[in-house]
Amino acid sequence: MANVPKTAGISSYVLWGKETNFKTAATTDSHFGLDTNFSANLSNNLNARRGMKGSATSGRDVQKFIAGKSVYNITMEFDLNDPSFLEHLLGDKTGSAYSGADIPSSLTIANCIDNDTTDRDEIYTGVVLDSATIRGAEGEPITVNLSAIAATMDKDTTLTSNVAINSNSPFTFTEATFELPNGTAINNIVESFELTVNNNYTMLYGSNREAQNYVPGAREYSLKLSTKYVDDGLLEKALGGSTIAADEPTQNATVEILLTRPNNDTLTILGTVAPIDNYSLSAQLNNPIGEDIDIRIQTMTITESLA
């Protein structure tokens, strides 16, 4: 039947690969995870130009459109069953450990739509992972939301060959442990977390419409925990004692989250120098008292261990 709308995940798939050189298309042979959402936005940043009226034109109306920088923004959501993307978010992979490096390498992403007649293959090159939020909550798998910037995109009608999805199950919130500092369990009941990494990239254009290179900015790590109150441990760390400390809140040496898969593979997220930036308490009649905290983190290493 002609003109039938296509369904994501049935008629489409997304693949990625590591670039050796920025904007040189790589072989895209990996799925991010159990992919659930892909979106892309192109902005031409049109500049509407007006001038004094002519014999057939008015100064009120646009007389010419001038194209500005072309900006490609991509977002991805997926269940976390393969941490390989972390090399390009943090910058370094040594063995099974991912950690920060000054210049993370770029990616190529292929968004493939299998049509009845003419297929659509979008190839985004010079892709950098600008930010990511890793989330977990009671009864749910660990999910990732990526925000990326691409330097350019080409479209053709030959689909990139699909590959098998990683056979591992997603990491889960079940049996996750939370320690502040590591080795000291948080006594509150942690119900959810959000770990955010921002790379704050600047894309460099020069006299071109498309980005020619990229520069990462300040790297920022933050962690939000939503908990149910058990004792005063979190408040005292946020205060720096039983009252507001004269100098600073408690400078926790580390913070650690341990995630598991059903087969007991683990993913250990270890942050260093982790003070509490924001603390909030919520007490509603006949409901458990809640405490939420936002933690700033200096550096981070994420390590996968296979059972």
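Here goes a summary of the coordinates provided.

Scoring rules and cut-offs
- Residues numbered from 1 in each chain as written.
- Predicted model: local features only at pLDDT ≥ 70, side-chain atom pairs only at ≥ 80, totals over all residues.
- Heavy atoms only, no water.
- 1 Å grid on protein atoms, 1.4 Å probe; cavity = no way out; pocket = protein on both sides within 12 Å on 5 of 7 lines; lining within 4 Å.
- Points joined across faces, edges and corners; volume = space filled by probe spheres on them.
- Helix = DSSP H or I, 4+ residues; strand = E, 2+ residues; numbered from the N terminus.
- Nonpolar A, V, L, I, M, F, W, Y, C, P; charged D, E, K, R; others polar.
- Pairing = 2+ DSSP bridges.
- Axes fitted to C-alpha atoms, helices over the stretch in contact; angles between N-to-C directions.
- Polar contact = N/O pair within 3.5 Å; in protein donor to acceptor, adjacent residues only side chain to side chain.
- Contact = heavy atoms within 4.5 Å.
- Phe/Tyr/Trp six-rings, centres within 6.5 Å; stacked < 30°, edge-to-face > 60°.
- Core = buried A, V, L, I, M, F, W, Y, C linked by side-chain atoms within 4.5 Å.
- Buried < 20%, exposed > 50% of the residue type's maximum accessible area, 1.4 Å probe, protein only.

## Some thoughts on the layout of surface pockets
Empty space among the atoms becomes apparent when a probe as large as a water molecule is rolled across them. Of the volumes computed, that of the largest pocket is approximately 410 Å³. Around the largest pocket, the lining is made up of 18 residues, and of these Ala8, Gly9, Ser12, Tyr13 and Asp35 lie nearest the centre. Examining the composition of the lining of the largest pocket, we find that four residues originate from one element, strand 2 (residues 34–43), more than from any other. Residue composition of the lining of the largest pocket, by class: seven nonpolar, nine polar and two charged.

## Some remarks on empty space enclosed by the protein
With the rule as written, the count across this model stands at one cavity of 30 Å³ or more. Around the largest cavity, the lining residues are Leu195, Leu223, Val255, Glu256, Ile257, Ile269, Gly271, Ile297 and Met300. Among the elements that make up the lining of the largest cavity, the one with the highest residue count is strand 17 (residues 254–260) (three residues). Across the lining of the largest cavity, the residue classes tally to seven nonpolar, one polar and one charged.

## Concerning the sheet that holds strand 21 (residues 299–305)
Pairing within the open sheet is antiparallel, and its six strands lie in the order 6-7-21-18-17-12. The strands lining the two open edges of the sheet, one partner per strand, are strand 6 (91–94) and strand 12 (172–179). In this sheet, neighbouring strand axes are inclined to one another by 15° on average, regardless of whether the strands run parallel or antiparallel. Here strand 17 runs beside strand 18 (residues 266–272); their pairing, made up of seven bridges, is antiparallel. Across the sheet, residue Leu259 finds its bridge partner in strand 18, namely Leu267.

## Description of the side chain of Ser106
Note that Ser106 resides in the loop between strand 7 (97–100) and strand 8 (107–113). Polar side-chain contacts of Ser106 include one of 2.6 Å to the side chain of Glu19. Each residue touching Ser106, except ones within four places of it in the same chain, is listed here: Lys18, Glu19, Phe22, His88, Gly126, Val127, Val128 and Tyr214.

## As for the packing of aromatic side chains
Per the stated rule, a full pass over the model turns up 10 aromatic pairs. Between Phe173 and Phe193 the ring centres are 6.3 Å apart and the planes differ by 20°, which places this aromatic pair in the stacked class. Pair noted here: Phe173 is in strand 12 and Phe193 is in strand 13 (residues 189–198), with a separation of 20 residues, a long-range link. The rings of Trp16, Phe32, Phe78 and Phe85 are connected pair by pair, giving a single aromatic cluster.

## Points about the nonpolar core
In a soluble, globular protein the nonpolar side chains are often hidden away together inside. Phe85, Phe193 and Ile295 are the most contacted members of the largest nonpolar core, which totals 52 residues. Here the element with the most residues in this core is strand 9 (residues 120–137); it accounts for five residues. With nine residues, the next largest nonpolar core counts Val128, Tyr201, Tyr205 and Tyr214 among its residues.

## Quick word on the environment of Arg296
Take Arg296: it is sitting in strand 20 (residues 290–297). Here the alpha-carbon distance between Arg296 and Leu15, two residues 281 residues apart in the chain, equals 32 Å. Ignoring sequence-local partners within four residues, the contact set of Arg296 consists of Tyr221, Val273, Ala274, Pro275 and Asp277. Within polar-contact distance, the side chain of Arg296 engages the side chain of Asp277 at 3.3 Å.

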